Amino acid sequence: MAAPLRIQSDWAQALRKDEGEAWLSCHPPGKPTLYGSLTCQGIGLDGIPEVTASEGFIVNEINKKSIQISCPKENASSKFLAPYTTFSRIHAKSITCLDISSGGGLGVSSSTDGSMKIWQASNGELRRVLEGHVFDVNCCRFFPSGLVVLSGGMDAQLKIWSAEDASCVVTFKGHKGGILDTAIVDRGKNVVSGSRDGTARLWDCGRSACLGVIADCGSSINGVAVGTADNSINLGSPQQMPSEREVGTESKMLLLAREDKKLQCLGLQSRQPVFLFIGSDAFNCCTFLSGFLLLAGTQDGNIYQLDVRSPRFSGVNCMIVLIIPGITLKGDGSCFIVQQDLDYVIELTGADCDPVYKVATWEKQIYTCCRDGLVRRYQLSDL
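Our subject in this report is the structure included herewith.

What counts, and at which threshold
Residues numbered from 1 in each chain as written. Predicted model: local features only at pLDDT ≥ 70, side-chain atom pairs only at ≥ 80, totals over all residues. Heavy atoms only, no water. Helix = DSSP H or I, 4+ residues; strand = E, 2+ residues; numbered from the N terminus. Buried < 20%, exposed > 50% of the residue type's maximum accessible area, 1.4 Å probe, protein only. Contact = heavy atoms within 4.5 Å. Areas by Shrake-Rupley, 256 points an atom, 1.4 Å probe, with all protein chains shown as cover. Lys, Arg positive; Asp, Glu negative; His and termini not counted. Charge placed at Lys NZ, Arg CZ, Asp CG, Glu CD. Core = buried A, V, L, I, M, F, W, Y, C linked by side-chain atoms within 4.5 Å. Phe/Tyr/Trp six-rings, centres within 6.5 Å; stacked < 30°, edge-to-face > 60°.

### Let's talk about the overall build of the chain
So, point 1. A count of helical and extended segments in the chain gives one helix and 35 strands.
So, point 2. Principal axes of the C-alpha set define a box for the chain whose edges measure 70 × 45 × 30 Å.
So, point 3. Counting the 383 residues in the chain, one finds 55% classified as buried.
So, point 4. Of all intrachain contacts in the chain linking residues separated by at least 6 positions in sequence, the fraction that spans at least 24 positions is 44%.
So, point 5. Counting only carbon and sulfur atoms, one obtains 47% of the accessible surface of the chain, whose full area is about 16900 Å².
So, point 6. Treating the 36 positive side-chain charges of the chain as one cloud and the 40 negative ones as another, the clouds have centres 5 Å apart.

### Side note on the nonpolar core
So, point 1. Of all hydrophobic cores here, the largest spans 25 residues; its most connected members are F172 and V191.
So, point 2. Contributions of two or more residues to this core are made by β10 (106-111), β11 (116-120), β13 (137-142), β14 (148-153), β15 (158-162), β16 (168-172) and β17 (179-185).
So, point 3. Broken down by element, the residue count for this core peaks at four residues, all from β13.
So, point 4. Residue contacts for V191: discarding those within four places in its chain leaves F143, L150, L158, F172, A183, I184, R201, L202, W203 and C205.
So, point 5. By size, the runner-up hydrophobic cluster in this structure holds 19 residues, among which are A12, L24, C26 and F80.

### A look at the packing of aromatic side chains
So, point 1. A complete count under the given rule lists six aromatic pairs for this structure.
So, point 2. Between F277 and F283, the aromatic rings sit 6.5 Å apart at their centres with planes inclined by 65°, giving edge-to-face as the arrangement.
So, point 3. Judged by relative accessible area, F283 falls into the buried class, the value being 0%.
So, point 4. One aromatic cluster is present, formed by F87, W119 and Y367 through successive ring pairs.

This is the structure in structure tokens:
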């Protein structure tokens, strides 16, 4: 595993000043940390700073929003991407969750201040305030239409909202503990929720009814994910005829990240077990990469990758908080884009030691939300 490089969180601003400096470091496993600095020698006619690195480090490439640094002694290299823009007026406190609509026009986010808001994704301008939950809203996401929002809160309620007029059109009740994560099945006639009460439930949006308890774990469910199973995976058969209100569940797997160190996979329609894995600590999050590959992260910093067809796990220590395909978020505020075909890591910078809680993507744009109360937007075209 390459020695990780770190850089000053506001390096892009610091290096746009003559003789401006930014610190950097390399942390080789089991060895002393190597410290260095970057210094701006001036701004070129193209607006790109001319930057030199101190001994032991090399500036391989730089533009207005990204810089690639290497440490030859440790054979380490990273590219750092600064935010294209930062939205500071959406929430006053930590932002716990966010999502971007399918068309890329709107964002939705929730905060520890108890609010949930819809905003313009291009500039962060506030469009709607969604009021109705009691206590914190833990999770929010757009339906595939981009016109409707699903949310879950500490009040044990699951709600569906109109993004057009901020009205709450459906409220689901049944959980006995706070809802920590949700998933949408296909186009959204059914949704899944995971709760502190240890249950995962399947809901019928059209009739505002619970179609069943998919799993009762006896332990908090921190994350849920629904994925379409590869044809080679046996999902089992339901013990009784599924409700006609279940739409699109027959070929789906349900993944549960549990507080009791277990990662559980079930057939969504059959309710039959596919596997149960015990990890090193509480599972915080999970996601499907394909019809047979998945990733899950634990509280102690391990990322587990599994091929459902042959359940053997591999782990990478990464202080994980939350993951989506190709992107890893860490509790120290760093956020990485991991691509197997690159010999370097891409890090999204800006957060200064505050955890990044959630990431959402639309085309070549990435949005993150952080404990510091900021939404940051990155342009992959800036790489």
